[in-house]
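What follows is the residue order along each chain.
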Amino acid sequence: MRIRPLFDRIVIEQVDNEEKTKSGIVLLAKDQEKPQLARVVAVGPGGLIEGNNVEMKIKVGDKVLYGKYAGSDFKLDGKEVTIIRQSDVLAVVED
């Protein structure tokens, strides 16, 4: 299934989280924090939003850091994705 976000929305997919601490302790899934690093899966077109022209700076394939409580979580074809606004993105991570 394909998804096409509207306006300034971005669909992201979390990058796998480490299951061990740096010292080697294995964490249970319930003890792990929601990751804030994600890969962009789809990007809306931008446009006129609340009277302001919004240009999309994020593109599909970017790795981004986003706010901890930003967005709405959904399941899409068995994968968990989050839909956020472009303004919820804190930074683009460059490898």
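Refer to the structure above for everything that follows.
Rules behind the numbers
- Residues numbered from 1 in each chain as written.
- Predicted model: local features only at pLDDT ≥ 70, side-chain atom pairs only at ≥ 80, totals over all residues.
- Heavy atoms only, no water.
- Helix = DSSP H or I, 4+ residues; strand = E, 2+ residues; numbered from the N terminus.
- Buried < 20%, exposed > 50% of the residue type's maximum accessible area, 1.4 Å probe, protein only.
- Contact = heavy atoms within 4.5 Å.
- Areas by Shrake-Rupley, 256 points an atom, 1.4 Å probe, with all protein chains shown as cover.
- Core = buried A, V, L, I, M, F, W, Y, C linked by side-chain atoms within 4.5 Å.
- Salt bridge = Lys/Arg side-chain N within 4 Å of Asp/Glu carboxyl O.
- Pairing = 2+ DSSP bridges.
- Axes fitted to C-alpha atoms, helices over the stretch in contact; angles between N-to-C directions.

For the rest of this paragraph, the subject is the overall build of the chain. Across its full length, the chain carries zero helices and eight strands. Helices (α) and strands (β) of the chain occur, in sequence order from the N terminus, as β-β-β-β-β-β-β-β. Classification of the 95 residues of the chain by burial places 26% in the buried group. By sequence separation, contacts in the chain at least 24 residues apart represent 64% of the contacts at least 6 residues apart. For the chain, the computed accessible surface area is about 7100 Å², with 51% contributed by carbon and sulfur atoms.

In this structure, I10, I12, A38, V40, M56, I58, V64, Y66, A70, I84 and V89 together form the largest nonpolar core, which totals eleven residues. Put simply, the parts of the chain that give this core at least two residues each are strand 1 (9-14), strand 2 (37-43) and strand 5 (63-66).

Taken as a whole and assessed by the stated rule, the structure comprises three salt bridges. Of the charged contacts, one joins D8 and R85 as a salt bridge, the two residues approaching to 3.0 Å between their closest N and O atoms. Of this pair, D8 sits in the segment before strand 1 while R85 sits in strand 7 (residues 79-85), and the two are 77 residues apart along the sequence. Here D62 makes a salt bridge to K59, at a shortest N to O gap of 3.4 Å. Owing to a relative accessible area of 11%, D62 belongs among the buried residues under this scheme. Here K59 falls in the exposed class, since its relative accessible area comes to 55%.

Once that is clear, we can look at the pairing of strand 5. Only one face of strand 5 is covered, namely the one carrying V64 and Y66; the face carrying K63 and L65 has none of its residues buried. Strand direction decides the pairing type here: strand 2 and strand 5, joined by three bridges, are antiparallel. Note that in strand 5 the partner of R39 across the bridge is K63.

If you trace the six strands from one edge of the open sheet to the other, you get 6-7-1-2-5-8, paired in antiparallel fashion. The two strands at the open ends of the sheet, each matched to only one other strand, are strand 6 (72-76) and strand 8 (89-93). Taken pair by pair, the neighbouring strands of this sheet meet at an average axis angle of 45°, ignoring direction.

Inspection of the secondary structure puts V64 in strand 5. What makes V64 buried here is its relative accessible area of 1%. Measuring from C-alpha to C-alpha, the distance between V64 and I12 comes to 8.6 Å, with 52 residues separating the pair along the chain. Those residues within four positions of V64 in sequence are excluded, and the remaining contacts are I12, Q36, L37, A38, V40, I58, V89, A91, V92 and V93.

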